[in-house]
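As a plain string of letters, each chain reads:
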Amino acid sequence: YSRLMAHSLEGTSWSRIWGSVALAAFALHLGGAVFEAVVFVPLWMSNLPASAAAFAANAARPDAARFFHPLAFGVFFATALAWFSSLSTRGRRRLWLSLAMAAALALLVIAFGWLDACERDLFGAAAVADKDGATIHALAGDWMRAAGVRMLVLLVGAAAALRAHATVAQGGDATAPSSR
């Protein structure tokens, strides 16, 4: 049975293992983003700008960067290892891993370049105190757009990682390097 499975799945064992880790990391990050959108965002978006000021002043508020930054690196690291360990194979798995890799790179850009800047402007040291209501509304809108794009990237990445994980070889032993 194990020989049959080894010949029917596309990709190396290391690529499949790291692909599973990447899929789990995408799913965990997506779950965390949904939790953030459902639980924490209503706390600071309910009555702008007062709710954002109260949320920023709360010393016990969770820091999203402590959770999402390591996850974003984990998603990228696992996806990169799955992608690099599949260099010797060709086929649909490689294409799905390439899409997952693009999503992982986009996630890094969104998390560190867009969301982090929005959160720093909204909840940083002197974030809300010196801003007027229109600026806070604009920053909240920027954060919502960035979070929406992050959700889309996470969905695409998770779907691509799942498709790569479920890819079955088409005819013959796809675990062997291609002769092309």
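Keep in mind it's a predicted model, so treat the numbers as computed, not measured.

So, on to the nonpolar core. Formed by 36 residues in total, the largest nonpolar core has its most connected members in Phe26, Trp44, Leu122 and Trp143. Of all the secondary-structure elements, those providing two or more residues to this core are helix H2 (13-45), helix H3 (50-57), helix H4 (64-84), helix H5 (92-123) and helix H6 (133-166).

Within the secondary structure, arginine 150 is located in helix H6. Aside from chain neighbours lying at most four places away, what touches arginine 150 is His29, Ala33, Glu36, Phe68, Leu107, Ile110 and Leu115.

To continue, consider unusual backbone geometry. Cis rather than trans, the peptide bond between leucine 48 and proline 49 has omega equal to 0°. By the secondary structure assignment, proline 49 is in the loop between H2 and H3.

Attention now moves to the confidence of the model for the chain. When pLDDT is averaged along the chain, the result is 84; 84% of the residues meet or exceed 70. Counted against residues more than four places away or in other chains, residues 1-7, with its pLDDT under 50, gives six contacts. Across residues 171-180 the pLDDT falls below 50, and counting only partners more than four positions away or on other chains, this stretch makes 17 contacts in the model.

Quick look at the pattern of salt bridges now. Proximity of charged atoms lets side chains of opposite charge pair with each other. In this structure the tally under the stated criterion is three salt bridges. The partner of arginine 150 in a salt bridge is glutamate 36, and the shortest N-O contact between them spans 2.7 Å. A residue pair is termed long-range when its members are at least 10 positions apart, and arginine 150 in helix H6 and glutamate 36 in helix H2 qualify at 114 residues. Between aspartate 142 and arginine 145 there is a salt bridge, with the nearest N and O atoms lying 2.7 Å from each other. One end of the pair is aspartate 142 and the other is arginine 145, both in helix H6 and three residues apart, which spans about a single turn.

In the structure shown here, the tally under the stated rule is eight aromatic pairs. Measuring from ring centre to ring centre gives 5.8 Å for tryptophan 18 and phenylalanine 77, while their planes differ by 85°; the resulting arrangement is edge-to-face. Taken together, the residues span a long stretch of sequence, with tryptophan 18 in helix H2 and phenylalanine 77 in helix H4 at a distance of 59 residues. Relative to phenylalanine 123, the ring of tryptophan 44 has its centre 5.1 Å away and its plane inclined at 85°; by these criteria the two rings are edge-to-face. Highlighted residues: tryptophan 44 in helix H2 and phenylalanine 123 in helix H5, separated in sequence by 79 residues. Through a chain of ring-to-ring contacts, the aromatic side chains of Trp44, Phe55, Phe123 and Trp143 assemble into a single cluster. One cation-aromatic arrangement involves arginine 94 over tryptophan 83; the distance from NZ or CZ to the ring centre is 4.2 Å.

Turning to the environment of alanine 160, a few remarks are in order. By the secondary structure assignment, alanine 160 is in helix H6. The sequence separation of alanine 160 and leucine 97 amounts to 63 residues, and the corresponding C-alpha distance is 6.6 Å. If near-sequence neighbours (up to four positions away) are discounted, alanine 160 is found in contact with Trp96, Leu99 and Ala100.

In this section: empty space enclosed by the protein. Under the criterion given, the structure shown has one cavity of 30 Å³ or more. Here the largest cavity is characterised by a volume of approximately 80 Å³. Lining the largest cavity are His29, Ala64, Ala65, Phe68, His69, Ala111, Leu115, Asp116, Glu119 and Arg150. Those elements that place two or more of their residues in the lining of the largest cavity are H4 and H5. Tallied by class, residues from the lining of the largest cavity come to five nonpolar, two polar and three charged.

Conventions we followed
- Note on numbering: residues in each chain are counted from 1, in written sequence order.
- Side-chain atom pairs in this predicted model are given and counted only at pLDDT of 80 or more, local residue features only at pLDDT of at least 70, and totals for whole chains, interfaces and linings cover all residues.
- As a rule here, side-chain values cover all heavy atoms of the structure and leave hydrogens and water aside.
- Think of a nonpolar core as a cluster: buried Ala, Val, Leu, Ile, Met, Phe, Trp, Tyr and Cys residues, connected wherever their side-chain atoms sit within 4.5 Å.
- Only protein chains enter the accessibility calculation, which uses a 1.4 Å probe; a residue is then buried when its area is under 20% of its type maximum, exposed when over 50%, and partly exposed in between.
- Only DSSP runs of H or I with at least four residues qualify as helices, and only runs of E with at least two residues qualify as strands; both kinds are numbered from the N terminus onward.
- Contacts are residue-level and defined by heavy atoms, with any inter-residue pair within 4.5 Å sufficient.
- pLDDT: the predictor's confidence for each residue, scored from 0 to 100.
- By convention in these notes, a salt bridge is any Lys or Arg side-chain nitrogen within 4 Å of a carboxyl oxygen on Asp or Glu.
- By convention, a stacked pair of Phe, Tyr or Trp rings (six-membered ring in the case of Trp) has centres within 6.5 Å and planes under 30 degrees apart, an edge-to-face pair has planes over 60 apart, and any other such pair is tilted.
- We call a charge positioned above a ring when the Lys NZ or Arg CZ atom is no farther than 6 Å from the ring centre and deviates by at most 35 degrees from the ring normal.
- Here the term cavity refers to a set of points on a 1 Å grid, laid over the protein atoms alone, in which a 1.4 Å probe fits but cannot get out; the term pocket refers to an open set having protein on both sides within 12 Å along at least five of seven lines, with lining residues being those that place an atom within 4 Å of a point.
- Grid points are joined across faces, edges and corners, and a volume is the space filled by probe spheres set on the points.
- Think of it as three bins: nonpolar holds Ala, Val, Leu, Ile, Met, Phe, Trp, Tyr, Cys and Pro, charged holds Asp, Glu, Lys and Arg, and polar takes everything else, Gly as well.

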